[in-house]
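Descriptive analysis of the structure
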Amino acid sequence: MSEIIILFIGAIAAGLMGSLTGLGGGVIIIPLLTLGFGVPMHYAIGASLVSVIGTSSGAAVAFVKEGFTNMRIGMFLEIATTMGAVVGALVSGFLNPNTIGIIFASILILTVLLNLRGKPDHQEELIKGSLEHKLKLYGTFPDKDGIKSYAARNSIGGFCMMVFAGAMSGLLGIGSGALKVLAMDNMMKLPFKVSTTTSNFMIGVTAVAGALIYFQRGQIIPVIAAPVLIGVVVGSFIGSKTLMVSKTKKLKTFFAIVITLLSIYMMYNGVAKNFQ
């Protein structure tokens, strides 16, 4: 019972840090479970995917109501991320836990770098006759200056990048939000608010695809997944409120340093073959 309480508190901290950095709770949950509680890697990934589903769902509803999320673009790209997630989850069953730990650390460092980079804000016009025009990959979103319109670019490149993002989600048990935003923001030239909110909408669906594979293999244990899910949701809620009254730039820099050190520690344990 005491271990469940400690795990719950740790999950709250993971949700809080994930919310404040924008990286999601999965980046903390995996090291917490594997290195802190000695949970086998694949069971930790299964629990993390369940928490990703929970945290994504609540925020996604709010963003859809506010008119930022482009559901058509999200559903189009979700085809890619779902395929990737299933492949990633299947591949994880054949990989050594230490190999997964090394990949996790590498992706975590990449994610931190992507999160700290400058955020360009695109607003492209629709090109008649283009693939984006035929697939209706355009829309509007509310802004302080009124309703603004936009259209996607390079949808094929973005689709391919989403396959990779989905694979990393299924393989590592993370939301891969930074990789999704990279595809929509830098490659598809979508406005930043649209890409981040649409990414949040997609994360939960991607996680479900991966979680089903882990569930089928018996690698989602309720006694681990339940406190993790509740804790991360509570932590994410606290983090969202904290963001409103805190200096986010300093917080993100501080937590980026913490997560970078954590990824180095994960890399060391992977190389030293300390994961189960």
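Residues numbered from 1 in each chain as written. Predicted model: local features only at pLDDT ≥ 70, side-chain atom pairs only at ≥ 80, totals over all residues. Heavy atoms only, no water.

Rules: UniProt positions are given in the numbering used here, feature names are shortened, and annotations may be inferred rather than shown by experiment.
As named in an unreviewed UniProt entry, the protein is Probable membrane transporter protein, taken from Epilithonimonas vandammei. Entered under Subcellular location (unreviewed entry) in the UniProt record, the comment concerning the protein runs "Cell membrane". The record held by UniProt for the protein lists under Sequence similarities (unreviewed entry) the comment "Belongs to the 4-toluene sulfonate uptake permease (TSUP) (TC 2.A.102) family."

With respect to the UniProt feature "transmembrane region" (unreviewed entry) in the protein
Which entries qualify depends on this criterion: Each helix corresponds to a stretch of at least 4 residues labelled H or I by DSSP, and each strand to a stretch of at least 2 residues labelled E; elements are numbered beginning at the N terminus.
If you check UniProt for "transmembrane region" (unreviewed entry), the listed places come out as residues 7–37, 43–64, 76–94, 100–118, 156–179, 199–215, 220–239 and 251–268 in our numbering. Between the end C-alpha atoms of residues 76–94 the distance is 29 Å, and the span holds 89% helix and 0% strand. Across residues 156–179, the secondary structure splits into 83% helix and 0% strand, with the terminal C-alpha atoms separated by 15 Å.

Remarks on the pairing of strand S1 (residues 138–143)
Quick note on the threshold: Two strands qualify as a pair provided DSSP detects at least 2 bridges between them.
Pairing geometry for S1 and strand S2 (residues 146–151), over six bridges, is antiparallel. Each residue of the ladder has a partner; that of Thr-140, found in S2, is Ser-149. Linking S1 to S2, which pair antiparallel, is a turn of two residues.

Thoughts on the packing of aromatic side chains
Cut-off, in case you're wondering: Centres within 6.5 Å are what make two rings of Phe, Tyr or Trp a pair, Trp counting through its six-membered ring; a difference in plane orientation under 30 degrees is then read as stacked, over 60 as edge-to-face, and the rest as tilted. Only protein chains enter the accessibility calculation, which uses a 1.4 Å probe. A residue is then buried if its area is under 20% of the maximum for its type, exposed if over 50%, and partly exposed in between. Only when the NZ of Lys or the CZ of Arg is both within 6 Å of the ring centre and within 35 degrees of the ring normal is a charge said to sit over the ring.
In total, this model carries two aromatic pairs according to the counting rule given. Ring geometry for Phe-76 versus Phe-159: centroids 5.3 Å apart, planes at 45 degrees, classification tilted. With Phe-76 in helix H4 (residues 71–92) and Phe-159 in helix H7 (residues 155–172), the pair connects residues that are 83 residues apart, well separated along the chain. Exposure class is identical for Phe-76 and Phe-159. Each is buried. Here the aromatic rings of Phe-141 and Tyr-150 are separated by 5.9 Å at their centres, their planes lie at 55 degrees, and the arrangement is tilted. Exposure remark for Phe-141: the relative accessible area of 5% places this residue in the buried category. Residue Tyr-150 is classed as buried on the basis of its relative accessible area, which comes to 4%. In this structure, Arg-217 packs its charged tip against the face of Tyr-214, placed 4.8 Å from the ring centre.

A look at the side chain of Asn-269
Keep this limit in mind: When checking whether two residues touch, look at their non-hydrogen atoms; a contact exists if any pair is within 4.5 Å.
Here Asn-269 is to be found in helix H11 (residues 248–271). Beyond its immediate stretch of four places on either side in the chain, Asn-269 contacts Leu-35, Asn-98, Asn-274 and Phe-275.

Focus on the nonpolar core
For clarity, the threshold we go by: By nonpolar core is meant a set of buried Ala, Val, Leu, Ile, Met, Phe, Trp, Tyr and Cys residues that side-chain atoms within 4.5 Å join together.
Of all hydrophobic cores here, the largest spans 68 residues; its most connected members are Leu-33, Leu-77 and Leu-172. Those residues in contact with Leu-172 that sit more than four places away from it in its chain are Ile-30, Ile-45, Ile-100, Ile-103, Phe-104 and Ile-107.

Topic: the side chain of Glu-132
The criterion, for reference: For the purpose of counting charges, residues Lys and Arg are taken to be positive, whereas Asp and Glu are taken to be negative. His and the chain ends are not included. When a carboxyl oxygen of Asp or Glu lies within 4 Å of a side-chain nitrogen of Lys or Arg, that pair is called a salt bridge.
Tracing the backbone shows Glu-132 in helix H6 (residues 131–134). Within the buried set, Glu-132 has no salt-bridge partner at all; the shortest N-O distance to an opposite charge, 6.0 Å, is to Arg-153. Sequence-distant contacts of Glu-132, that is, excluding residues within four places in its chain, are made with Leu-126, Leu-137, Tyr-138, Ala-152, Arg-153, Asn-154 and Ser-155.

Quick notes on a nonpolar patch on the surface
Worth spelling out the cut-off: Candidates for patches are residues over 30% relative accessible area with no salt bridge; among them, like charges are joined within 9 Å and nonpolar side chains (Val, Leu, Ile, Met, Phe, Trp, Tyr) within 5 Å. All accessibility values rest on the Shrake-Rupley procedure with a 1.4 Å probe; residue burial counts only the protein chains present in the view.
A contiguous nonpolar patch, built from Met-1, Ile-4, Ile-5, Ile-9, Ile-221 and Val-223 and spanning about 560 Å² of accessible area, is present on the exposed surface. Ranked by residues supplied to the nonpolar patch, first place goes to helix H1 (residues 2–21) with three residues. When you line up the elements, Ile-9 lands in helix H1.

Notes on the environment of Thr-81
Here is the rule: Polar contacts, as counted here, are pairs of nitrogen or oxygen atoms within 3.5 Å of one another; within protein the pair requires one atom able to donate a hydrogen and one able to accept it, and residues that are adjacent in sequence qualify only if both atoms are side-chain atoms.
By secondary structure assignment, the location of Thr-81 is in helix H4. The class of Thr-81 is buried, set by a relative accessible area of 0%. The contacts of Thr-81, once residues within four sequence positions are left out, are Met-162, Gly-166, Lys-180, Met-202 and Thr-206. In terms of polar contacts, Thr-81 uses its side chain to reach the side chain of Glu-78, at 2.4 Å.

Some thoughts on the packing of H4 against H7
Stated precisely, the cut-off is as follows: Under this scheme, a helix contributes an axis fitted over its contacting stretch, all axes are lines through C-alpha atoms, and angles between N-to-C directions fall in the 0 to 180 degree range. Note: crossing handedness is left-handed where the near helix turns anticlockwise from the far helix by less than a right angle, and right-handed where it turns clockwise. Three classes are used, and their members are as follows: Ala, Val, Leu, Ile, Met, Phe, Trp, Tyr, Cys and Pro are nonpolar, Asp, Glu, Lys and Arg are charged, and the others, Gly among them, are polar.
Interaxial distance between H4 and H7 falls to 6 Å at its minimum, and their mutual angle equals 35 degrees. The handedness of the crossing between H4 and H7 is right-handed. Where H4 abuts H7, its residues Phe-76, Leu-77, Ile-79, Ala-80, Thr-81, Met-83, Gly-84, Ala-85, Gly-88, Ala-89 and Ser-92 lie against Ser-155, Gly-158, Phe-159, Met-162, Val-163, Gly-166, Ala-167, Gly-170 and Leu-171. Considered class by class, the residues forming the contact of H4 with H7 number twelve nonpolar, eight polar and no charged.

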